[in-house]
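Secondary and tertiary structure notes
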Amino acid sequence: KPVWSEAILEPIIHDWEGILGKTGPSIRSTIEMTPNKWFSIFFTKDMISFIVQHTNQYAIHCGSIRWTKLTVREFEIWLGLTIAMGIHRLPSVALYWSNEWVFAIPQFKALMTRFRYQEIKSHLYFSQPGESHTYQLGKIQNLINLFRTQCKEQFYPPKTMSIDEMMVKTKSKFTKCKIRNPKKP
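Rules of the game
Residues numbered from 1 in each chain as written. Predicted model: local features only at pLDDT ≥ 70, side-chain atom pairs only at ≥ 80, totals over all residues. Heavy atoms only, no water. Helix = DSSP H or I, 4+ residues; strand = E, 2+ residues; numbered from the N terminus. Buried < 20%, exposed > 50% of the residue type's maximum accessible area, 1.4 Å probe, protein only. Contact = heavy atoms within 4.5 Å. Areas by Shrake-Rupley, 256 points an atom, 1.4 Å probe, with all protein chains shown as cover. Axes fitted to C-alpha atoms, helices over the stretch in contact; angles between N-to-C directions. Parallel < 35°, antiparallel > 145°, perpendicular 65-115°, else oblique. Nonpolar A, V, L, I, M, F, W, Y, C, P; charged D, E, K, R; others polar. pLDDT = per-residue confidence, 0-100. Salt bridge = Lys/Arg side-chain N within 4 Å of Asp/Glu carboxyl O. Expected span 1.5 Å × (residues − 1). Polar contact = N/O pair within 3.5 Å; in protein donor to acceptor, adjacent residues only side chain to side chain.

1. Some details on the overall build of the protein
Summing up its helical and strand segments, the protein has six helices and two strands in all. Its helices and strands taken in sequence order, the protein reads β-α-α-α-α-α-α-β from the N to the C terminus. The proportion of buried residues among the 185 residues of the protein is 23%. Here the analysis covers contacts within the protein between residues at least 6 apart in sequence; of these, 62% occur between residues at least 24 apart. Summing over all exposed atoms, the protein offers an accessible surface of approximately 15,000 Å²; the carbon and sulfur share of this is 60%.

Okay, structure coming up:
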């Protein structure tokens, strides 16, 4: 149980300039940096291998008869197609593989079948199959930790930094977390 005290405590002042002698991003932006290279700085091969390993384990755990072992390259293609779907939106996933000239995107058919895309999506997993999780984001906690570590390696905070927070209204079905703050609009 915390106890109040009249003693005045001196704050701990960290040597921010001592962190490798620099602050800010660890990688300087250059003309050669493509969006793919920027993405790979934060989403590393280790993270992709982690996802592939757990997805394969989950497919075996589920007893999928037609499952073909997922490879790193195939997952990278799947991820690229998923990002492309976010950029070029169509009313349904099936239309990306459509034969109709209005919707036809030949790169999708050339890279992966619709069945395989949906099969990977249905078996996508980020933790050990059968592992119990005590909170909502527990299944992706390992991936969050890998991403957090990568972010810490890529940016060194300066001595003074301001962090602002805001609440964003969402109708997402993913989160069941509800925060009510009557002072915020």
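Having seen the model, we can carry on.
2. Let's talk about the packing of helix 2 (residues 45–62) against helix 3 (residues 72–87)
For any two helices packed against each other, one specifies the crossing angle of their axes together with the interaxial distance. With their axes 10 Å apart at the nearest point, helix 2 and helix 3 run at an angle of 100 degrees to one another. Of the possible angle classes, the one that applies to helix 2 and helix 3 is roughly perpendicular. Packed against helix 2, whose contacting residues are Lys45, Ile48, Ser49, Ile51 and Val52, the element helix 3 presents Val72, Phe75 and Glu76 at the interface. Grouping the constituent residues of the contact of helix 2 with helix 3 by class yields five nonpolar, one polar and two charged.

3. Some thoughts on the confidence of the model for the protein
Per-residue pLDDT for the protein averages 82, and the proportion of residues at 70 or more is 82%. Mean pLDDT in the protein bottoms out at strand 1 (residues 24–25), which sits at 71, and peaks at helix 5 (residues 114–123), which reaches 95.

4. Details of the pattern of salt bridges
Within the structure shown, the criterion is met by four salt bridges. Lys45 is the salt-bridge partner of Glu76, the closest N and O atoms lying 2.6 Å from each other. Of the two residues, Glu76 is situated in helix 3 and Lys45 in helix 2; the sequence distance between them amounts to 31 residues. Residue classification places Glu76 among the partly exposed residues on the basis of a relative accessible area of 23%. Two residues, Arg116 and Glu74, come together in a salt bridge whose shortest N-O distance is 2.8 Å. Here the residue Arg116 occupies a position in helix 5, and Glu74 occupies one in helix 3, the gap between them amounting to 42 residues. Classification of Glu74 as buried rests on a relative accessible area of 19%.

5. So, helix 3
The end-to-end C-alpha distance of helix 3, which contains 16 residues, comes to 23 Å, matching closely the 22 Å that a straight helix rising 1.5 Å per residue would cover. Burial in helix 3 covers these residues: Glu74, Phe75, Ile77, Trp78, Leu79, Leu81 and Met85.

6. Some thoughts on the packing of helix 2 against helix 6 (residues 141–154)
Where helix 2 contacts helix 6, the axes come no closer than 10 Å and their chain directions differ by 175 degrees. Relative to helix 6, the element helix 2 is oriented roughly antiparallel. On the side of helix 2, the interface is formed by Met47, Phe50 and Ile51, while helix 6 contributes Asn142, Leu143, Leu146 and Phe147. Residues that form the contact of helix 2 with helix 6 fall into these classes: six nonpolar, one polar and no charged.

7. Details of the environment of Ser122
Relative to the elements of secondary structure, Ser122 occurs in helix 5. The partly exposed category is assigned to Ser122, whose relative accessible area is 48%. With 67 residues separating them along the chain, Ser122 and Thr55 place their C-alpha atoms 9.5 Å apart. Within polar-contact distance, the side chain of Ser122 engages the backbone oxygen of Glu119 at 2.9 Å.

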